[in-house]
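For reference, the chains in residue letters:
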Amino acid sequence: MIRYILKKFGFMLVSLFCLVTATFVLMNAVPGSPLQSEKATSETIQKNLEAYYGLDKPLIVQYGIYLKNLVQGDLGISMKKKFQAVDKIISDSFSYSLKLGLVSVVTSVVAGCVLGIIAAMYHRKFLDNLAMIIAVIGLSIPSLVLAPLLQYVFAVKIKAFEVAGLNGPMDYVLPTIALSATSIAFIARLIRSTMIEVLNADFIKTAKAKGLAGHLIVWRHALRNSMLPVVTFLGFLMANVITGSVVIEKIFAIPGLGKFFVQSVSDRDYPLIMGITIFYAAILMVSRLLADIAYVLVDPRIRMSGGKGAK
Amino acid sequence: MKYKKVLSTAMAVTLAGSLLAACSNDKNNNTASPSASATNSPAESQASQENKTPQEFRFTLASEPPSLDPALMTDAQSSIVASGLYDGLTRLNPEGVPEPAIAKEWTMSDDGKTYTFKLRDDAKWSNGDPVTANDFEYSWKRALNPETASEYAYMLFYLENGEKYNSGEGSADEVGVKAIDATTLEVKLNSATPYFNSLIAHYTYWPVHEASVDGKPEWAADAKTIVSNGPFLLKEWAHGDKLVLTKNPDYYNAANVNFDTVTISLVEDETTVYNLFETGKIDWIGAQAGVVPLDVTPKVLSEGKGEVKEIASTYYYLFNTKQKPFDNVKVRKALSMAIDRQAIIDNVTKANQTPAYGLIPPSIGGLDGTNFRVLYPDSDYFSENVEEAKKLLAEGLAEGGLDKFPETTLLYNTSEGHKAIAEAIIDMWRKNLGVEVKLSNQEWGTFLETRDAGQFGIARAGWGADFNHAINFSYDLIHPKSLNNDGKYDNQAVGKALDDAIVATDEKARLDLIAQAEKTAIADDMAILPLYYYTTVTMKKDGFEDVVSDYAGHLDWAFGKKTN
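Not measured: the values here are computed from a predicted model.

**Description of the packing of helix H11 (residues 341–349) of chain B against helix H14 (residues 416–433) of chain B**
Residue and element names in this part refer to chain B. At a minimum axis separation of 10 Å, H11 and H14 run at an interaxial angle of 140 degrees. Classed by the angle they form, the pair H11 and H14 counts as oblique. Of the two elements, H11 crosses H14, and the hand of that crossing is right-handed. In this structure, H11 contributes Ile-344, Val-348 and Thr-349 to the contact, and H14 contributes Ala-420, Ile-421 and Ala-424. Looking at the contact of H11 with H14 residue by residue, the classes come out as 5 nonpolar, 1 polar and no charged.

Have a look at this one:
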């Protein structure tokens, strides 16, 4: 297990290096520059700015400097948000995205499982149909539509919630619904289909024959086996949700990371683009690693390759 | 069983994690205490007791101020916030007329090149230090210092040897600004600049506190390290979220400052901003501090809930005058005359903009309180006339040796608004002239580079005021040497008139020359296709007074008050 994780970790570092290089090259290949503005600046001023930010050096030298700083854990200073350190921007905004993201992940898993279990247990009955109708609605309404709708109905008309911001626990309700709708629906469908399959498996029939109570069968045997695909999905969901949703952050005015990422690209804020890309990639890789590990923990049939077996 | 335990532990860790994150963030919010709290005087609490109405003002900005360092600021967002934090030698009133601020009075030499400012002696920095002439000398030289890398350093090129120092050739000592004593500042200019007392109200000329700034470039990114001298103090700056300003009790003019607290939230989405206003969470929308969404604008205006105000910005299209067929003046005139500007305003932009037939917007000042556009109307520069346009187009194409209108593209930066306008215009060209023009849009950064490089036939452009003078809309846009003249319009007569305007000693003569240059460029040459002068739609909650859109279309709030 340790060896497996170390190996994965090695791969992660190599992938990160490739990503840094590719992003650096692409970013500089795109037309436009962080020093550009609508009003033209004189050549002297342009020269001063380039010298200040080191953009007058050859690209390969800039790349070398960036790598050197990166290895020392220095992500640099934003070029557009004057003198704000990139790592500070990321950590500040990530705290918002993370909080909202975790609440949504928990909501998605709990609500998704409940809907899925109900649907599977009442297969082809009214509750199944109802749960699946909810799921289809959740899957098909994009957050771009759902978020403003929730805002208008529950904040402007009914006035039960605030229009925007994340100042109290109640402020999480609307963004969480908007953020989790799709994954709730997805998880519900996933649980339903695997559970229907599992419920028909031989070992469940044995358990029933043994005289085990219905809820125990579902909880102890069927659910755990149905969780496997959800765990896989969870790795993806975590990475996706905690890094912040641009749309939801914009509509509910949440100062999360997604907003800064989009803005950094349109600003051509090189250090911020690099910093957030690296951060995103690291989060994605770590969540996938965690999902792999969780997979083993949930399903003992799976063994880590190269190791002596998990335990 | 074992696995269940693992799962539930994982769940517990996750939940605990989110709780911890919540706690740590609350702490962060609370620790942002004002640097000035140490100097808090009882005056603050007294002031708030006198007024029964809570004096709080709340508005939004679409994006965070990139900097609150006067030397590094370049945008409206920053200036709206910072105009409450700093005070320059003069301060513009909402009409754009300079009034004494830190400077009590000033004298000008006969040749108009030397100004001597007498500073008030009761102005203080937020840390208690007095504001002196030395602060201004330091700040101006700092902004010009090439190592400061100020984008707006050119605002100080009016100073003798300012440009030389900024280019790395001269030294700081040669720059034409000198503190004679603590309250006397002597300024030497390259040439007579009658609008200098309005220029010094611009943020690039604002003072900074040397000891708090020198060698600490990050000083202006944090509420705790900002030392300022204006009517308000920055109490909190939660990056990406909000800024909170409180009244500065030690401000020399504190008696005229009414708001105790000003909260500026950063909200990008226009509909969210409107919903915040409708639910009473903010007091103001408009003038670069939030935008009234286009789909509700007609309703807001017809119900009298909003106001339309002219601002000093022009929306226009650039012709690439070095490219066929736009090198021909008749073709340019034909395209401009075939557009029904009022129809675009009524059906597309919908905020009572003013059709533009020139470059200089109506809210730009002129002479003796009469605006430039009133003295020199643009209505006779050309007329919209489809028949005449058809004739000119045919003649123009023939002169250029073309048998039909060549394939061309209208380039704009990606935005729903610009797209709608461009579609309406190519439709008018198609119907009125039988000309096909394709549309192409590019993301902002790419667009600027393409336009700069002259890789376009027709391109969208807009220009807003840096200072309240017509020269800002003429020299920059149509002078052959201007770096912003992206259409490469080159008429030496226009260049000469504008050069003469800059050095003219008589203001009337100067404005005459500018008007003459503008008229030549548009009426004779149609170098640029003017479309409309911008307006801003503003909404404010009842009871607020003296919070307005200034001449340039920026929210001016520092001396506002709430009456009920």
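Following the structure, the description resumes.
**A word on the sheet that holds strand E8 (residues 232–238) of chain B**
All names here are of chain B. Across the sheet, 4 strands lie side by side as E1-E10-E9-E8; this open sheet has mixed pairing. Lying at the two open borders of the sheet, with one neighbouring strand each, are strand E1 (56–61) and E8. Strand-to-strand twist across the sheet, computed as the mean angle between neighbouring axes with direction ignored, equals 15 degrees. Across 6 bridges, E1 lies against strand E10 (residues 261–266) in parallel orientation. When the bridges of E10 are listed, Phe-57 appears paired with Val-262.

**Some words on H11(B)**
All names here are of chain B. Buried residues of H11: Arg-341, Ile-344 and Thr-349, and no others. The arc enclosing the buried residues of H11, seen along the axis, measures out at 55 degrees, which places them on a common side. Opposite the buried face of H11, by more than 90 degrees, sit the exposed residues Asp-346 and Asn-347.

**Regarding the sheet that holds strand E7 (residues 184–188) of chain B**
All names here are of chain B. The strand order across the open sheet built from 4 strands is E4-E5-E7-E6, with neighbouring strands paired in antiparallel fashion. Either end of the sheet is taken by a strand with one partner, and the two such strands are strand E4 (103–108) and strand E6 (177–181). Ignoring which end each strand starts from, the neighbouring axes of this sheet average 20 degrees apart. Looking at chain direction, strand E5 (residues 114–119) and E7 are connected through 5 bridges and run antiparallel. Residue Lys-118 lies in a different strand from E7, and its bridge partner there is Thr-184. Taken strand by strand, helix H4 (residues 133–144) contacts E5, E6 and E7, and its axis lies near 165 degrees from that of E6.

**Overview of the interface of chain B and chain A**
At the junction of the two partners, chain B supplies 48 residues and chain A supplies 45 residues. Elements that contribute at least two residues to the side of chain B that touches chain A include exactly helix H1 (2–31), E10, helix H8 (270–278) and helix H15 (444–452) of chain B. In terms of residue count, the dominant contributor to the side of chain B that touches chain A is H1(B) (8 residues).

**What to know about the domain arrangement of chain B**
All names here are of chain B. Here the domain parsing of chain B yields domain 1 (17–258 + 552–562) and domain 2 (309–536). Between the C-alpha centres of domain 1 and domain 2 the distance comes to 35 Å. Counting residues at the interface gives 11 residues for domain 1 and 15 residues for domain 2. Along the lines of polarity and charge, the residues of the side of domain 1 that touches domain 2 split into 5 nonpolar, 6 polar and no charged.

**Section: the nonpolar core**
In this structure, Ala188(A), Ile191(A), Leu156(B), Ala334(B), Ala338(B) and Ile528(B) are the most contacted members of the largest nonpolar core, which totals 227 residues. For this core, the leading source of residues is helix H4 (residues 86–121) of chain A, giving 17 residues. Here this core spans two domains, and each of domain 1 (17–258 + 552–562) and domain 2 (309–536) of chain B adds at least three residues to it. Excluding its chain neighbours within four sequence positions, the residues that come into contact with Ile528(B) are Tyr316(B), Leu318(B), Phe319(B), Leu359(B), Leu477(B), Gly487(B), Ala521(B) and Ile522(B).

**Structural notes on the confidence of the model for chain B**
Of the residues in chain B, 91% reach a pLDDT of 70 or more, and the chain-wide mean stands at 89. Ignoring residues within four places in sequence, the model shows residues 1–49 of chain B, a span with pLDDT below 50, making 43 contacts including any to other chains.

Rules used in this analysis
Residues numbered from 1 in each chain as written. Chains lettered and ligands numbered in written order. Predicted model: local features only at pLDDT ≥ 70, side-chain atom pairs only at ≥ 80, totals over all residues. Axes fitted to C-alpha atoms, helices over the stretch in contact; angles between N-to-C directions. Helix = DSSP H or I, 4+ residues; strand = E, 2+ residues; numbered from the N terminus. Parallel < 35°, antiparallel > 145°, perpendicular 65-115°, else oblique. Left-handed = near helix turned anticlockwise from the far one by under 90°. Contact = placed C-beta atoms within 7 Å. Nonpolar A, V, L, I, M, F, W, Y, C, P; charged D, E, K, R; others polar. Pairing = 2+ DSSP bridges. Buried ≥ 20, exposed ≤ 12 C-beta atoms within 10 Å, placed from the backbone. Arc of directions from axis to C-beta. Domains from an automatic or database assignment. Core = buried A, V, L, I, M, F, W, Y, C linked by C-beta atoms within 7 Å. pLDDT = per-residue confidence, 0-100.

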